[in-house]
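# Breakdown of the fold
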Amino acid sequence: MSLRPPAKRITDNHRRSVLSLLKDKTFRNLLSIVKTYKWYYIGAVGSQLLLTAAALFFADTSRRLFDLAPHVPRNTLSQIILMFVCIALSQLVLTFLNNWLRSALNESVVYEMRRSILNHLQRLPLSFHENNHSSNSVNVMNNELEIAKNFIVYDVQRLIALPISFVFVGIYLLSVHPLLGAIAIAIGPLQMVSNLVLKSKFQQAAELQNLVTRDVFFTIGETLHGIREVKANQMEDSVNARMAEIQKRGVAYNVLLTNISTIRSITKDLPGHAGYLTGIGIGAALMTSGDIGVGGLVAFITLLDKVAEPFTVLVDTINNLQRSVSGARRLFEVMDMAEEDTRAGTVLEAGAPAIRYENIGFHYTEGAETLRNLSFTIPAGKSLALVGPSGAGKSTIVKLLYRFYDPQQGRIQVNDRPLQTYAIHSIRERMALVSQDIYLFDGTVAANIEVGKPGASRDEIIRAAKLAQAYAFIELLPNGMDSEIGERGIKLSHGQKQRLSIARAILRDASLLILDEPTSALDVETEASFQRDLGEWASGCTKIIIAHRLSTIRDADYIVFLEHGEAVEFGTAEELLRMNGRFRSYWEKQGREIGEEQSVV
Ligand SMILES: Nc1ncnc2c1ncn2[C@@H]1O[C@H](COP(=O)(O)OP(=O)(O)OP(=O)(O)O)[C@@H](O)[C@H]1O
């Protein structure tokens, strides 16, 4: 297990100008999500504007009250009190409505985005997952989605509602007194300028802090996934040391971030305080000279925040916007990747298929050939064993049949038609895999077998378990078929897991069976009975067997002996043994090592 953190990725995207974002594809993608929820936005922006109207009404009523004080006619006083009650009630209702809409929007957007990202990730070619660490995909689903969501849920409605509020409140204050209005309006732009103080330092520190968070999750994920190796290799101390190093960086960046934020927040608040003091001073002077009443000054004080708020929030929103777009960029990079089209093409007809590899050449990376000029045929219903040293290309041959990758040279024919002409879905539907690398899902035994055929009846599941020699141990589990097997089947032995994988394949009722080291974890007795039963349940299937154990391939109709991606020998076991070539010496060497030579030759 490697505890190397994912490559650091410091982007400059968040430092781009706001105007350039308007042309940005990611930004437009975010807006298209906004369109889907337009009624929520209309409701949220509408309630936000009504709240501003209520604040204006409150300030104006207060102004009237203070202007009349202390000689307020009884009649007018009761009207004013009634108005205050109505305003307070409407503010309560509107705040509730606004919060409710925001929370509904929040959940809908997160749910929808997460669902569509997971759906998309599943449909990306296997090459994407083989070349990207899963923690990166999880990061996209969590952090980057969260950042993009903040923009969609909060920033968009602020960007619409706050400028409108600013105009109305500004006009009202100008009507109270032009000078007081001008002071209130000037605070906002000054705040925008003060926001520039230490801005890029703040963004750099925030980015470094994000990288620390990513490293923390990566290390936790790697440690817990590989907990057995961590314990067996006594890596606890090195994991602790790594976490300590990350935390040390985290603390340093956090302190830096807090210091910068504090300085920024002081400078950001300065124009507000200065405006308040100037306004009060000038207001008091205007009051003494009789230019405004007490009510005018009260309205100024009440609404000062409301007129400055749009700018304060706008500044934060612009900062968020740049971060959101840079976070969302990675998300949309993934979303823009082409999915596998698994439905296009013809349907593979039922029954065991005939398969032919014709001069196949394939590489994962340019210049490193994995398969070279590979040709062989498997007639319908026959079995072919792929034998050869580790890394010879056996699993790769199977990956090509699954269409996880396409060969760069040559072609694969299935029932005398190119593999590419069939719908991937229909090919994979006909295939079943018993693999040395079994993945069991967290859930019950029955649910894990059912993966082979979703919706299978309990009787079908039990039959498959019996054929896979799994039923005996399942019956001994505390809840039989309904026993939970733990994360990745951690509560089962390797042999038991392998038998569940066999049961899953049996249930699938496939016509093309891939047996990748199918019995490597089974004891000799169970393997012998697996081989016997295989003849029964898989008799009608075309089979590809990958095995190092000779007993597994003894009954194969054909054998391909591979070395460095080339088929060096092809024939039946008997023919290859008679050839006295590479296969025979491999066979004898293997036999010597595992004591099978006598039984084989
Ligand atoms: N996703 C991948 N990206 C790049 N190289 C890969 C990838 N998968 C396999 N390889 C390389 O391709 C070669 C063949 O690998 P493959 O898994 O097909 O061998 P194999 O014969 O099945 O080995 P084994 O018997 O050990 O399972 C190896 O050199 C391997 O490192």
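Residues numbered from 1 in each chain as written. Predicted model: local features only at pLDDT ≥ 70, side-chain atom pairs only at ≥ 80, totals over all residues. Heavy atoms only, no water.

This is how it is decided: UniProt positions are given in the numbering used here, feature names are shortened, and annotations may be inferred rather than shown by experiment.
The protein chain goes by ABC transporter ATP-binding protein in an unreviewed UniProt entry, where it is assigned to Paenibacillus solisilvae. Its UniProt record gives the protein chain a comment under Subcellular location (unreviewed entry), which states: "Cell membrane".

### With respect to the overall build of the protein chain
Here is the rule we go by: A run of H or I in DSSP becomes a helix once it reaches four residues, and a run of E becomes a strand once it reaches two; helices and strands are each numbered from the N terminus. We compute the radius of gyration over the C-alpha atoms and compare it with the globule rule, which gives 2.2 Å times the number of residues raised to the power 0.38. Each residue is assigned to one of three classes by its accessible area relative to the maximum for its type, calculated with a 1.4 Å probe on protein chains only: buried under 20%, partly exposed between the two thresholds, exposed over 50%. By the convention used here, residues are in contact when the closest approach between their heavy atoms is within 4.5 Å. For the accessible areas, the method is Shrake-Rupley and the probe is 1.4 Å, while residue cover comes only from the protein chains on display. Charge convention: Lys and Arg are scored as positive, Asp and Glu as negative, and His as well as the terminal groups of each chain are ignored. By convention, the charge on Lys lies at NZ, on Arg at CZ, on Asp at CG and on Glu at CD.
On a plain count of helices and strands, the protein chain comes out with 22 helices and 10 strands. Taken over C-alpha atoms, the radius of gyration comes to 35 Å for the protein chain, far larger than the 25 Å a tight globule of 601 residues would show. Counting only C-alpha atoms, the protein chain reaches 120 × 50 × 50 Å along its principal axes. Counting across all 601 residues of the protein chain, residues that qualify as buried make up 46%. Considering only residue pairs separated by 6 or more positions, the protein chain has 78% of its internal contacts joining residues 24 or more positions apart. Of the roughly 29,900 Å² of accessible surface on the protein chain, a fraction of 58% belongs to carbon and sulfur atoms. Charge-centre separation for the protein chain: the mean point of 63 positive side chains lies 6 Å from the mean point of 62 negative side chains.

### Observations concerning the site of the ligand
So the rule is basically this: Distances are taken per atom, and a residue is near a molecule or strand as soon as one of its heavy atoms is within 4 Å of it. Throughout this description, a polar contact denotes any pair of N or O atoms lying within 3.5 Å of each other; where both atoms belong to protein, one of them has to be capable of donating a hydrogen while the other can accept it, and for residues adjacent in sequence the pair is counted only when both atoms sit in side chains.
Looking at the ligand, there are 15 residues lining it, with Glu130, Ser390, Lys394, Ser395 and Thr396 nearest. Note that a nitrogen atom of the ligand is positioned 2.6 Å from one of the side-chain N or O atoms of Glu130. The side chain of Ser390 places a nitrogen or oxygen atom 2.5 Å from an oxygen atom of the ligand. Coverage of the ligand by the protein chains reaches 64% of its 640 Å² of free accessible surface. Take the shell around the ligand: its biggest share by element is four residues, from helix α12 (residues 394-401).

### Regarding the confidence of the model for the protein chain
Just so we agree on the cut-off: Values of pLDDT, which run from 0 to 100, indicate the predictor's confidence residue by residue.
Per-residue confidence for the protein chain gives a mean pLDDT of 83, with 91% of residues at or over 70. Counting contacts from residues 1-16, a segment whose pLDDT is below 50, to residues more than four positions away or on other chains yields 49 contacts. Scored below 50 in pLDDT, residues 596-601 makes 12 contacts in the model with residues more than four places away or belonging to other chains.

### Here we look at helix α15 (residues 458-467)
Given 3.6 residues per helical turn, the α-helix brings residues three or four places apart onto the same face. Of all the residues in α15, the buried ones are Ile461, Ile462, Ala464, Ala465 and Leu467. Gln469 sits one or two residues past α15 and shows a positive phi near 60 degrees.

### As for the nonpolar core
What counts, and what does not: For our purposes a nonpolar core is just a set of buried Ala, Val, Leu, Ile, Met, Phe, Trp, Tyr and Cys residues, chained together by side-chain atoms within 4.5 Å.
Core analysis: the largest hydrophobic core is formed by 50 residues, its most contacted members being Ile449, Met481 and Ile553. The dominant element in this core, judged by the number of residues it contributes, is helix α17 (residues 494-508), at six residues. Beyond its immediate sequence surroundings of up to four residues, Ile553 is in contact with Ala385, Val387, Ile545, Ala547, Ile559, Phe583 and Trp587.

### A few points about the environment of Asn259
Counting through the fold element by element, Asn259 comes out in helix α10 (residues 236-288). Since its relative accessible area comes to 43%, Asn259 is described here as partly exposed. In sequence terms Asn259 and Phe202 are 57 residues apart; their C-alpha atoms lie 9.4 Å from each other.

### Quick word on the domain arrangement of the protein chain
So the rule is basically this: Throughout, the edges of the domains are those of an automatic or database domain assignment.
As far as domains go, the protein chain holds domain 1 (17-336) and domain 2 (355-594). One C-alpha centre belongs to domain 1, the other to domain 2; they are set 55 Å apart.

### A closer look at a nonpolar patch on the surface
Which entries qualify depends on this criterion: Residues with no salt bridge and a relative accessible area higher than 30% make up the patches, which join like charges within 9 Å and nonpolar side chains (Val, Leu, Ile, Met, Phe, Trp, Tyr) within 5 Å. Whenever Lys or Arg places a side-chain nitrogen within 4 Å of a carboxyl oxygen from Asp or Glu, that contact is recorded as a salt bridge.
A cluster of nonpolar residues, Leu77, Ile81, Val85, Leu89, Leu92 and Val93, forms a patch on the protein surface that exposes about 550 Å² of accessible area. Mapped onto the secondary structure, Val85 falls in helix α4 (residues 74-123). Accessibility expressed as a relative area gives 43% for Val85, which makes it partly exposed.

### Side note on the sheet that holds strand β5 (residues 417-418)
We count it as follows: A pair of strands is labelled paired if DSSP reports no fewer than 2 bridges between them. Axes, fitted as lines to C-alpha atoms, cover a helix only where it is in contact. Angles between the N-to-C directions of the axes lie from 0 to 180 degrees.
Spatially, β2-β1-β4-β5 is the arrangement adopted by the four strands of the open sheet, whose pairing is antiparallel. Each of the sheet's edge strands pairs with one partner strand only, and the pair in question is β2 (368-378) and β5. Note that strand β1 (residues 355-365) and β2 share seven bridges and pair antiparallel. Bridge pairing in β2 places Phe362 opposite Leu371. Relative to β1, α12 is tilted by about 110 degrees, and along the sheet it contacts β1, β2 and β4 (409-414).

### A look at the environment of Cys541
Tracing the chain through its elements places Cys541 in the loop between α18 (524-537) and β8 (542-546). When neighbours within four sequence positions are excluded, Cys541 is seen to be in contact with Ala352, Gly381, Lys382, Ala510, Ser511 and Leu513.

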